[in-house]
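Per-entry structural report
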Amino acid sequence: MPEVTYNGYLQSITFIFILPDDSAKIIFVHLKKAEFMRSTFKVLFYLKRTKNTPRAVYPVMGRSTINGTISQFSAEINVPEQLWEVKGGRAKGKSIESERINRHPDNIRIQIGKHYQSICDHDAYVTAEKVKNAWLGMGERYQTLVEVFEHYTNDLFKRIGVDRSESTWWRYRAVLGHLRAFLKHEYNLHHITLLELEQSFIEQYHVYLKTVCRSKAGSVCRYMDRWNNNVVKISFNNGLMPRNSFALYRYSAPTEPRTFLSEKELRIFQTTRLKSAKHEYHRDLFLFSCFTGICYKDMRYLTCEQIIPDTKGHLRIHGNRCKTGGEYTIKFLPAALRLLEKYRGTAPSLLAFDMPKLSSINCSLRRITKQCGISRHITFHAARHTFATTLCLSQGIPLSTVSKMLGHKQITTTQIYAQTTPIMIEDAIDRVESRLDGKFAT
């Protein structure tokens, strides 16, 4: 049976045939690289002669043959018929004129060869027409996933303050950083073309985020959504990818319970004496969010002009969310009003509060919860869930009303905050029992 061996970059191919007779002869058939390459890639030049209008000078045409496909093009040079050698496809002799003529097709042959090799390196298929278009500058440049992702994030940067926030741009930059690190870790590459993407790529990326980056399941899904559902789909819709290899890949984030403080924990959090003035200030900011439901970003840009009295003279916060632009209206509870008066005039300009960085507040909250004897992990966003669940839904406030106060555009978003507490279950059973009033007693 034949055996095929090759060294390195396909310098040669050797077929070894072992004959079945007793002589056990071995026949070596050796094909040189040049002979092998001519069977798949060839460029030749010829004169475009016309029978009806014979003349002394004819234009030179080129023909490239690649894997059985043929494409013709003009070499944009005219050659006298007596100087042209049909068999060699070039000018005869070693005269200055012949050398000048031959430099032009030789240069074209080299340029087409470079484009052919580039396409072979980046694409799974190559045709003569595709190589010709690349040489003429008409073909699409083979874009990489990183290049397209960078272009998308640059567009996001231009939209900051229009319909995107700066934090959104930073999150996409973080995903791009993970993607670059994955390419280096898994493939030892800096780029990968869109045409090379297969479903196995996203599966390996998924595993990389879980194992190497130690990302949580929710973070993994968000990372993958940002480049798969945006960058990959846009590339496919724009024709940069012949197919969407990830269309059938399914992944979903597990539904994790949202953290919030119960009434008892909220009272402990509110009354515990703290040793640090910084922790006390961060605790008060957290409590203000608990009693109003305002998120960190909206609270950071909350101005005194947004605090207005209603028709009955009660103060309320009215504004539009930084994240979605949704309108929200919150009436001040007494506890929130006391905190507002406590820090009135301490913030610069017209802002209601001098908000530190979110990471600084969350760091303080970890220490405060330990001092309060609360073992659960509490972040600043837990205050918003505390307002929705403990102060509103547990007190019988309708979900639609809570949605309006939180500034959600869709009530399905508010349902994430609708945690069912044991007190809510107990109250519901009590209402059912009172309405039945012993109707089914035996």
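**A look at the sheet that holds strand 6 (residues 69-80)**
Taken in spatial order, the three strands line up as 4-5-6 in an open sheet, and their pairing is antiparallel. Each edge of the open sheet carries a strand with a single partner, namely strand 4 (41-47) and strand 6. Between one strand and the next, the sheet's axes are offset by a mean angle of 20°, whatever the strand orientation. Across seven bridges, the pairing between strand 4 and strand 5 (residues 57-66) is antiparallel. Paired with Leu47 across the two strands is Val60, which belongs to strand 5. Helix-sheet contacts for helix 2 (residues 96-122) involve strand 4, strand 5 and strand 6, and the interaxial angle to strand 6 is about 160°.

**Some words on the nonpolar core**
Side chains of nonpolar character tend, in soluble globular proteins, to be buried together. Of all hydrophobic cores here, the largest spans 37 residues; its most connected members are Phe269, Phe286, Phe288, Phe353 and Phe380. At the level of elements, helix 8 (263-271), helix 9 (277-292), helix 10 (296-300), strand 11 (327-331), helix 11 (334-342), helix 12 (358-371) and helix 13 (382-392) are the ones that each hand at least two residues to this core. Those residues in contact with Phe353, other than ones at most four positions away along the chain, are Tyr281, Leu285, Phe288, Met299, Leu302, Leu339, Leu340, Tyr343 and Ala347. Judged by nonpolar contacts, the second largest core, of 32 residues, contains Leu145, Leu156, Leu176 and Met224.

**Some thoughts on the pairing of strand 6**
Where strand 5 meets strand 6, nine bridges bridge the pair, whose relative direction is antiparallel. If you follow Ser64 over to strand 6, its bridge partner there is Ser71. Hairpin geometry of strand 5 and strand 6 is characterised by an intervening segment of two residues between the two adjacent antiparallel strands and by a positive phi of about 50° at Asn67.

**Remarks on helix 11**
Those residues of helix 11 lying buried are Ala335, Ala336, Leu339 and Leu340. Taken end-on, helix 11 shows its buried residues confined to a sector of 140°, consistent with a single buried face. Pointing more than 90 degrees away from the buried face of helix 11 are the exposed residues Pro334 and Arg338.

The rules behind the values
- Residues numbered from 1 in each chain as written.
- Predicted model: local features only at pLDDT ≥ 70, side-chain atom pairs only at ≥ 80, totals over all residues.
- Heavy atoms only, no water.
- Pairing = 2+ DSSP bridges.
- Helix = DSSP H or I, 4+ residues; strand = E, 2+ residues; numbered from the N terminus.
- Axes fitted to C-alpha atoms, helices over the stretch in contact; angles between N-to-C directions.
- Contact = heavy atoms within 4.5 Å.
- Core = buried A, V, L, I, M, F, W, Y, C linked by side-chain atoms within 4.5 Å.
- Buried < 20%, exposed > 50% of the residue type's maximum accessible area, 1.4 Å probe, protein only.
- Arc of directions from axis to C-beta.

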